[in-house]
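Spelled out, the chains give:
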Amino acid sequence: MQRIAVVTGASSGIGAATARRLAGEGFHVVAAARRADRLDALVKEIGPHATAVACDVTSDESVAGLVAAVAGLGLPLAVLVNNAGGARGVDPVEDGSVDDWQWMFDVNVLGTLRVTKALLPALEASGAGTIVTMGSTAAFTPYEGGGGYVAAKHAQTALVGTLRLELAGRPVRVVEIDPGMVRTDEFALNRFDGDADKAAAVYAGVKEPLVADDIADIVAFAATRPQHVNIDRLVVRPIAQAAQHKVHREL
């Protein structure tokens with residue numbers, strides 16, 4: 001029987017790439033995100049083994065709709081990819097925007113909590129569930145100008161680690177993937193409020209930053225290991241990025 005994989009934040013970037021890749025691995029992919037038009041285009045591209053569900057992970061009502069859509073497919077839920085998230089702003093802490101911090105916590109932390117809680121019963125009922133949460137190297141290394149995002153990702157990784165402990169002995173794996181520098185169409189652009197020049201400067205001189213397909217490949221690898229194999233945490237950076245603060249640039 002075909003199994004379901006739910007991917008949040010699936011309208012672009014890593015989420016869209018992951019939806020395509022998991023469909024290629026034989027899952028029926030439920031692609032969830034706020035932008036229904038983009039989801040519809042993605043599902044049309046993937047074909048019959050994908051379903052679009054408009055979902056805002058900051059809304060209980062919206063997440064309940066996602067749960068209902070998954071249940072309506074009549075297939076076991078095997079994989080949840082908590083990918084919805086993002087960064088806003090590069091303010092120092094002393095000038096930090098409370099609104100930006102609030103949004104980052106709502107999406108990265110509480111969104112992960114809300115979707116995980118809602119879908120955990122179905123994941124457990126499948127007898128072989130996997131929760132993959134998209135973290136960041138910001139989850140363990142602070143950097144200047146990143147206070148809000150760093151704090152949110154630290155909180156998210158604490159959530160994931162706690163969940164793994166609490167689910168010990170139950171048939172659900174808990175995986176965390178922490179990418180470093182990944183060049184996508186929107187992440188840096190959203191962080192800099194649409195300033196394309198500032199977004200491009202993040203990757204200036206980096207010969208080969210990671211791309212969304214690189215991360216999707218890793219998600220698929222983790223999700224398709226034998227069920228007794230749990231990849232607790234996988235850190236992945238481009239070879240040019242030796243650490244959060246050390247990036248080789250050819251300028």
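Please read all numbers here as calculations on a predicted model, not as lab measurements. (Residues numbered from 1 in each chain as written. Predicted model: local features only at pLDDT ≥ 70, side-chain atom pairs only at ≥ 80, totals over all residues. Heavy atoms only, no water.)

K.L.:
So what's going on with the pattern of salt bridges? Which residues, and what values?
P.N.:
Counting across every chain of the model gives eight salt bridges. A salt bridge links Arg-21 to Asp-217, with the shortest nitrogen-to-oxygen separation between them at 2.6 Å. Of this pair, Arg-21 sits in helix 1 (residues 13-24) while Asp-217 is found in helix 8 (residues 212-223), placing the two residues 196 residues apart along the sequence. Given the relative accessible area of 37%, Asp-217 is considered partly exposed. (Salt bridge = Lys/Arg side-chain N within 4 Å of Asp/Glu carboxyl O. Helix = DSSP H or I, 4+ residues; strand = E, 2+ residues; numbered from the N terminus. Buried < 20%, exposed > 50% of the residue type's maximum accessible area, 1.4 Å probe, protein only.)

K.L.:
Lay out the pairing of strand 6 (residues 172-179) with the relevant residues and their values.
P.N.:
Taken across its eight residues, strand 6 has eight buried, putting it largely inside the fold. Where strand 5 (residues 129-134) and strand 6 come together, six bridges link them in parallel fashion. Following the sheet pairing, Thr-133 is matched in strand 6 by Glu-176. After leaving strand 5, the chain enters helix 5 (residues 147-166) and then returns to the sheet as strand 6, a path that is right-handed. Here strand 6 runs beside strand 9 (residues 233-236); their pairing, made up of four bridges, is parallel. Each bridged residue has a counterpart across the sheet, and for Asp-178 the counterpart in strand 9 is Val-235. (Pairing = 2+ DSSP bridges. Right-handed = clockwise from strand over helix to strand, strands pointing away.)

K.L.:
Provide a residue-level description of the packing of helix 1 against helix 2 (residues 36-46), including the pertinent values.
P.N.:
Where helix 1 contacts helix 2, the two axes come as close as 10 Å, and the packing angle between them is 25 degrees. It follows that helix 1 is roughly parallel to helix 2 by the angle criterion. Crossing handedness for the pair helix 1 and helix 2: right-handed. On helix 2, the residues that touch Ala-16, Ala-19, Arg-20 and Ala-23 of helix 1 are Leu-42, Glu-45 and Ile-46. Residues belonging to the contact of helix 1 with helix 2 are distributed by class as follows: five nonpolar, no polar and two charged. (Axes fitted to C-alpha atoms, helices over the stretch in contact; angles between N-to-C directions. Parallel < 35°, antiparallel > 145°, perpendicular 65-115°, else oblique. Left-handed = near helix turned anticlockwise from the far one by under 90°. Contact = heavy atoms within 4.5 Å. Nonpolar A, V, L, I, M, F, W, Y, C, P; charged D, E, K, R; others polar.)

K.L.:
Give me the lowdown on the environment of Asp-214, citing residues and values where you can.
P.N.:
Residue placement: Asp-214 occurs in helix 8. The spacing of Asp-214 and Pro-179 is 35 residues in sequence and 9.7 Å in space, taken between C-alpha atoms.

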